[in-house]
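A closer look at the structure
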Amino acid sequence: MIRLLLADDHDLFRDGLKRVLEEQHSMVIVGEASDSRALLDEVRRAKPDVVLLDLSMPGRGGLENTQEIKRFDPRIKVLILTAHPEDQYAVRCLKSGADGYITKGSSSEALANAIYRVASQRKYISPALAEQLAFSLSDDDFEAPHSKLSDREYQVLSMIGGGQSTSQIANELSLSVKTISTYRSRILEKLRLDNTAQLIRYALENELANS
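Presented here is a report on the structure given in the accompanying data block. Just so you know, the residues in each chain are numbered from 1, in the order the chain's sequence is written. With the structure being a predicted model, the display of local features is reserved for residues of pLDDT at least 70 and the display and counting of side-chain atom pairs for 80 or more, all residues being used for whole-chain, interface and lining totals. Only hydrogens and water are set aside when side-chain values are computed; all heavy atoms of the structure are taken into account.

The next subject is the pairing of strand β3 (residues 50–53). Only protein chains enter the accessibility calculation, which uses a 1.4 Å probe. A residue is then buried if its area is under 20% of the maximum for its type, exposed if over 50%, and partly exposed in between. Runs of H or I in DSSP of at least four residues are treated as helices and runs of E of at least two as strands, each being numbered from the N terminus. Residues Val50 and Leu52 point to one face of β3 and Val51 and Leu53 to the other, with burial holding for every one of them. Of the pairings in the sheet, the one linking strand β1 (residues 2–7) to β3 comprises four bridges and is parallel in character. In the strand pairing of β3, Leu6 is matched with Leu52. By the bridge criterion, four bridges tie β3 to strand β4 (residues 77–82) in an arrangement that is parallel. Within the sheet, the bridge partner assigned to Leu52 lies in β4 and is Leu79. Here, the term right-handed applies to a crossover whose path from the first strand over the helix to the second runs clockwise when the strands point away from the viewer. In this fold, β3 hands off to helix α3 (residues 62–72), which returns the chain to β4; that crossover is right-handed. Strands pair, by our definition, only if DSSP identifies at least two bridges between them.

Attention now moves to unusual backbone geometry. Of note in this structure, Ser174 is not a glycine but carries a positive phi near 60 degrees. The topology assignment puts Ser174 in the loop between α8 (166–173) and α9 (177–191). On the basis of relative accessibility, which here comes to 57%, the residue Ser174 falls in the exposed class. A positive phi angle is found at Arg192, which is not glycine, with a value near 60 degrees. Relative to the helices and strands, Arg192 resides in the loop between α9 and α10 (196–205). On the basis of relative accessible area, Arg192 is assigned to the exposed category, the value being 77%.

Okay, the pairing of β1 next. Regular strands show a simple pattern: their side chains alternate between the two faces of the sheet. For β1, a buried count of five out of six residues is recorded, marking the element as mostly surrounded by other parts of the structure. Where β1 and strand β2 (residues 27–33) come together, six bridges link them in parallel fashion. In the strand pairing of β2, Leu4 is matched with Ile29. A crossover links β1 with its parallel partner β2, the connecting element being helix α1 (residues 11–21), and its sense is right-handed.

Here we come to the nonpolar core. For soluble globular proteins, nonpolar side chains are generally found buried alongside one another. Counting residues in hydrophobic clusters, the biggest one holds 43 residues, and the most contacted among them are Leu39, Val51 and Leu157. If sequence neighbours within four positions are ignored, Leu157 has contacts with His146, Leu149, Ile187, Leu191, Leu199, Tyr202, Ala203 and Leu208. Ranked by size, the runner-up nonpolar core spans 18 residues in total, among them Leu17, Leu52, Ile102 and Ala112. Here, nonpolar core means buried Ala, Val, Leu, Ile, Met, Phe, Trp, Tyr and Cys residues that are tied together by side-chain atoms lying within 4.5 Å of each other. Working rule for contacts: check all heavy atoms of both residues, and any pair within 4.5 Å makes them a contact.

Here we come to the sheet that holds β3. Here five strands make up an open sheet; going across it, the order is β2-β1-β3-β4-β5 and the pairing parallel. Only two strands of the sheet have a single neighbouring strand rather than two, namely β2 and β5 (100–103). Within this sheet the neighbouring strands show an average axis-to-axis angle of 25 degrees, counted without direction. Seen against the sheet, α1 touches β1, β2, β3 and β4 and runs at an angle of roughly 170 degrees to β2. Helix axes are fitted to C-alpha atoms over the stretch in contact, other axes to C-alpha atoms as well, and angles between N-to-C directions run from 0 to 180 degrees.

On to the pattern of salt bridges. Take a side-chain nitrogen of Lys or Arg and a carboxyl oxygen of Asp or Glu: if they are within 4 Å of each other, that pair is a salt bridge. Tallied over the entire structure, the rule returns 14 salt bridges. Residue Arg14 pairs with Glu32 through a salt bridge whose shortest N-O separation is 2.8 Å. You can see Arg14 sitting in helix α1 and its partner Glu32 sitting in strand β2, a full 18 residues away along the chain. Judged by its relative accessible area of 10%, Arg14 is buried. By relative accessible area, Glu32 is classed as partly exposed at 28%. The network of salt bridges with shared partners includes Asp11, Arg14, Asp15, Lys18 and Glu32.

What follows covers the environment of Ser185. Mapping Ser185 onto the fold places it in helix α9. Residue classification places Ser185 among the partly exposed positions, given a relative accessible area of 40%. Sequence-wise, Ser185 and Asn195 are 10 residues apart; in three dimensions their C-alpha atoms are separated by 9.0 Å.

Below is the structure:
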């Protein structure tokens, strides 16, 4: 029996997900979390085999959550289940320790297959993602400037690109406005840009903006 923990801040989505997964007789849901703080508490309590993790929950970002779960117990598998397209976050998630990446638009059959795959000690990636990952790992000479950003900087860039203000980002990530401004300054420096308008343009041109 595969023990699952569902981590997503949308109650309706979790309810629908539970109905889909309950049809799989070899899976059981042992916990749920709607924010990053509750996630680690539930991981420690329920000790799941697989965590289905959304990238965009209140508190820590999905990349940090993945790393925290792996630090607690590297045997726990993390399957990213998110609305973000593969070309935005997938490679970065896998490099951060995730065991698979699947979008919310996937079929219930594809999701079940992904869960079975990561539970059996294998990675789950789509063919398109496999090609992208191979390219990113083998051709450092052609890395995009944003590949040098830290996970948190990358997240802030995506949120800026999505039109969120500094105060909105600070509130969503449970950080201070000053901290977000510091991240913004570091991003500008690393990308060699001058202002927020250029950051937004960069994020849109590279399809990094959170929708």
